[in-house]
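A structural walkthrough
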Amino acid sequence: MNPIKKLRARQQFRDDLLSIVDTPAGSRFFERFLRDCGVTHPRFTSDPQVTAFNEGKRHLAMSYMNLMGRDDPQGLIDIIEKEQNP
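Rules and cut-offs
Residues numbered from 1 in each chain as written. Predicted model: local features only at pLDDT ≥ 70, side-chain atom pairs only at ≥ 80, totals over all residues. Heavy atoms only, no water. Salt bridge = Lys/Arg side-chain N within 4 Å of Asp/Glu carboxyl O. Helix = DSSP H or I, 4+ residues; strand = E, 2+ residues; numbered from the N terminus. Buried < 20%, exposed > 50% of the residue type's maximum accessible area, 1.4 Å probe, protein only. Axes fitted to C-alpha atoms, helices over the stretch in contact; angles between N-to-C directions. Parallel < 35°, antiparallel > 145°, perpendicular 65-115°, else oblique. Contact = heavy atoms within 4.5 Å. Nonpolar A, V, L, I, M, F, W, Y, C, P; charged D, E, K, R; others polar. Polar contact = N/O pair within 3.5 Å; in protein donor to acceptor, adjacent residues only side chain to side chain.

**Some points on the pattern of salt bridges**
Throughout the structure, instances matching the rule amount to two salt bridges. A salt bridge links R58 to E55, with the nearest nitrogen and oxygen atoms 3.3 Å apart. Of this pair, R58 and E55 both sit in helix 3 (residues 48-69), three residues apart, which is roughly one turn of that helix. On the basis of relative accessibility, which here comes to 29%, the residue R58 falls in the partly exposed class.

**Here's the deal with the packing of helix 2 (residues 24-36) against helix 3**
Here helix 2 crosses helix 3 at 140°, and the two axes come no closer than 8 Å. One finds that helix 2 runs oblique with respect to helix 3. For the pair formed by helix 2 and helix 3, the contact residues are F30, F33, L34 and D36 on the first element and K57, L60, A61, Y64, M65 and M68 on the second. Looking at side-chain class alone, the contact of helix 2 with helix 3 contains eight nonpolar, no polar and two charged residues.

**Thoughts on the environment of Q12**
Following the sequence through the fold, Q12 ends up in helix 1 (residues 3-21). Put simply, Q12 and Q74 are 62 residues apart on the chain and 9.8 Å apart in space, counted from C-alpha to C-alpha. Looking at Q12, its side chain comes within polar contact range of the side chain of D16, at 2.7 Å.

So far we have only geometry, and geometry alone does not tell us how the molecule works.
This is the structure in structure tokens:
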């Protein structure tokens, strides 16, 4: 996938997440999602497989939070398009 398509898809996903979380149902879902993924209450265990599984869930939730908290990717899209089309 070319970089601009990838950034546009990321921008659309970010916008979708933000519009979902702005609703009462979306907010409740996201609170539960973060809790179930162990972001708000991490689970520790001595079993390395369980730890890896838990960290995978946590990483997914953190990546969504990171995407929603970042600056708008549209700025990067604009810069790349200007560089490709002088």
